[in-house]
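Chains, contacts and geometry: an overview
Below, each chain spelled out in residue letters.
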Amino acid sequence: MMALRRNRRGDGADERASWSDGGAAAPVSAHPIGAAVGEDASARIVPAAPAMPAAGPAPQAAPGATAALAGIPHANVPGSTDPLGPADLVDAEALADMRAFNDLKAKRKKQRKRKIIIGVASTVAVLAVAGGAFAWYTADQAAKALQNMAPQTGFVEQGTFVETVSASGNLQPVASVSATPEVDGIVGEVLVAEGDAVEEGQTLFTVVNDDLDKAVNQAAQGIEEARNGVAQAQNAVNDAYHAKSAGQQAAANAQAQAQAAAAAAKEAGGAAAESFAGEQASFDESSADSAIRSAELALSNANLALQNAQSAYDEAVARAAKRTVTASIAGSVVAVNIEPGKALGATASAATSPVQIADLSQMTVSINVNEIDILKISADQTAEVTFTAAPDLTLPATVVSIATTSAGSGDASGGALYGGMGGAVTYAVKLLIAEPDPRLKPGMTAKATITTTTIDNALMVPISAVQSDGAGGSFVMVLTDPETQEMDVRTVEVVASDGLTSVVKGQVKAGDEVVVGGGMGGAADGMGMAGDGGMAAVDAGGSVMVG
């Protein structure tokens, strides 16, 4: 049995009444419930209350219970007028606590129910949103699938087809020379400056070299000595001839005298006179001839010495003349790397090109074209050249030369001879700019775009629209009905291509819509088997029908 305890606060003392589980009565305070003040506590004993159920909702207080507990009479409470009625056995404060507890439980239950409802509603909302997202995703994927099923198409266009090859290089003058002296020495006068226009043969600068002057003087002395030698040799020859002639004359005179003496002796003595005449008439002519030949040989040597001396003199004069450096071509002075008093030649430490002259009336662009495009290039093809330094400038040019061997191949043996050592293989191509702009300078970067093919009124399709039929021919698929995806297979011939666009001729016309980019996948190849003029269609499921 449970007993209800009551706490009554008095003058600092707690008096409690409780329900006990046994039959024993709990201690009774000096003033039990319902007892009058001053009444003996033992005069009234409160019977034990009936046992309360172990579980279940708390009992609700009857109307007027609070008033009964307070000892106030109430019409609906039996015995409320009896100060010792049952209502006097219930503590009003404890009952109020019980009611408050029950209200709290009911409130918490209501809040718990509300939370469950809110959670369920949130879950339903989340599921609804997720369902909507899933539905959107499913619809989007379906739309994409339908879009992917449809072929990608382009159109046959008619116009001018132009194929070009582009490469970059550097500007160069059409002609350029280095005015370098052929003799050593010190710079004398510098008569030009950078940017000056010069004519062929115009003096640029001079070189001072005293040794050249000495060489000219020595060569002149050598000529003089050689001339004297020739004169002496010539006199010796003349003397030899004179000696022979005098000997011959003396012999003839002696012969005549001997003959006269012999005639006189014959008259006087006979044979003795004839013997005397023969002895007096002899002359050594061979010795005279030998002397002449020796003199003539000496004269020949003297003439040769004179020629050598003359050559030495001419060479000395020519070398001395090289001290004056002139322009070998007409053009503009593009560089001057010398100053008066500076050394030149073998003893020079300055630039190897003292003065650089270039003909800027025309300029060239040297570019390297890869092996894939080089066969498209030919002489006299036209081109347009643009310049990094002058973006607003575009000049016409013409191809003037194409290298036979690859750039950088050199003259090595084996695979390296023609660029066979790997890497990009390129060939040098030179273009001529007939009328360059005055702003252009040698060495500037230039980009040349060479026009290799031009076709007027060409039928052009994207390169991916052209399919191979496997037998060396080509075809395109022309979409004839966008709604049913019906299409024709048309035979074409590829005339030219630039890697993006193909020029075709055959069973197509301008404005035809063709399948491009492999949009039909493997079906495109299957359509090619239908032959010329075959009909093809794609149903809603993406299957291909060939008729």
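As a starting point, this report considers the structure included with it. (Residues numbered from 1 in each chain as written. Predicted model: local features only at pLDDT ≥ 70, side-chain atom pairs only at ≥ 80, totals over all residues. Heavy atoms only, no water.)

1. Examining the overall build of the protein chain
For the record, the criterion: Each helix corresponds to a stretch of at least 4 residues labelled H or I by DSSP, and each strand to a stretch of at least 2 residues labelled E; elements are numbered beginning at the N terminus. Residue contacts are counted whenever heavy atoms from the two residues lie within 4.5 Å of one another. Where accessible areas are quoted, they stem from the Shrake-Rupley method and a 1.4 Å probe; at the residue level, only the protein chains shown are allowed to cover.
The number of helices and strands found in the protein chain is seven helices and 22 strands. When contacts within the protein chain are restricted to residue pairs at least 6 apart in sequence, those whose partners lie at least 24 apart make up 70%. When the accessible surface of the protein chain is split by element, carbon and sulfur atoms take 55% of a total near 33100 Å².

2. Some words on the pattern of salt bridges
Short version of the rule: What counts as a salt bridge is simple: a side-chain nitrogen of Lys or Arg found within 4 Å of a carboxyl oxygen of Asp or Glu. Under the scheme applied here, a residue whose accessible area is under 20% of the maximum for its type counts as buried, over 50% as exposed, and between as partly exposed, the area being computed with a 1.4 Å probe on protein chains only.
For the structure on display, the rule yields 10 salt bridges. Note that Lys 322 and Glu 182 form a salt bridge whose closest N and O atoms lie 2.7 Å from each other. Here Lys 322, found in the loop between helix H5 (285-321) and strand S8 (324-326), pairs with Glu 182, found in the loop between strand S4 (157-179) and strand S5 (185-190); they are 140 residues apart in sequence, far enough to count as distant. On the basis of relative accessible area, Glu 182 is assigned to the exposed category, the value being 57%. Among the salt bridges present, the one from Lys 244 reaches Asp 289, with a minimum N-O distance of 2.3 Å. Here Asp 289 lies in helix H5 and Lys 244 lies in helix H3 (residues 210-268), a separation of 45 residues in the sequence. What emerges from the salt-bridge pattern is a single network uniting Asp 488, Arg 490, Lys 509 and Asp 512.

3. Digging into the environment of Gln 507
One can find Gln 507 in the loop between strand S19 (501-506) and strand S20 (513-515). Sequence separation between Gln 507 and Thr 491 is 16 residues, and the spatial gap between their C-alpha atoms is 5.9 Å.

4. Describing the nonpolar core
Using the following cut-off: Here, the term nonpolar core denotes a set of buried Ala, Val, Leu, Ile, Met, Phe, Trp, Tyr and Cys residues that are joined through side-chain atoms within 4.5 Å.
By size, the foremost hydrophobic cluster in this structure holds 26 residues, and its most contacted members are Ile 367, Phe 387 and Leu 431. Contributing elements (two or more residues each) for this core: S4, strand S11 (355-370), strand S12 (382-387), strand S13 (394-402), strand S14 (426-433) and strand S15 (445-462). The contact partners of Leu 431, leaving out residues within four places of it in the chain, are Met 363, Thr 364, Val 365, Ile 367, Ala 383, Ala 397, Thr 398, Val 399, Val 400, Ala 448 and Ile 450. Ala 179, Val 207, Ile 338 and Ile 357 belong to the second-largest nonpolar core, a separate cluster that totals 14 residues.

5. Observations regarding the pairing of strand S9 (residues 331-336)
Stated precisely, the cut-off is as follows: Pairing between strands requires that DSSP locate at least two bridges from one strand to the other.
Bridging between strand S6 (residues 197-198) and S9 involves two bridges; their strand directions are antiparallel. Paired with Val 198 across the strands is Gly 331, a residue of S9.

6. Some words on the sheet that holds strand S7 (residues 203-208)
Taken together, four strands build an open sheet; the order of strands is S8-S7-S5-S10 and the sheet is antiparallel. Unpaired on one side and paired on the other, S8 and strand S10 (343-344) mark the two borders of the sheet.

7. Points about the side chain of Asp 512
Examined against the element boundaries, Asp 512 turns out to sit in the loop between S19 and S20. For Asp 512, a relative accessible area of 8% puts it in the buried group. Setting aside anything within four residues of it in sequence, one finds Asp 512 in contact with Gly 154, Phe 155, Val 156, Val 478 and Arg 490.

8. Comments concerning the pairing of S12
Residues Ala 383, Val 385 and Phe 387 point to one face of S12 and are all buried, whereas Thr 382, Glu 384 and Thr 386, pointing to the other face, are not buried. In this structure, the hairpin formed by S12 and S13 is closed by a connection of six residues. Here S12 pairs with S15 via five bridges, running antiparallel. Across the sheet, Phe 387 pairs through a bridge with Ala 446, a residue of S15.

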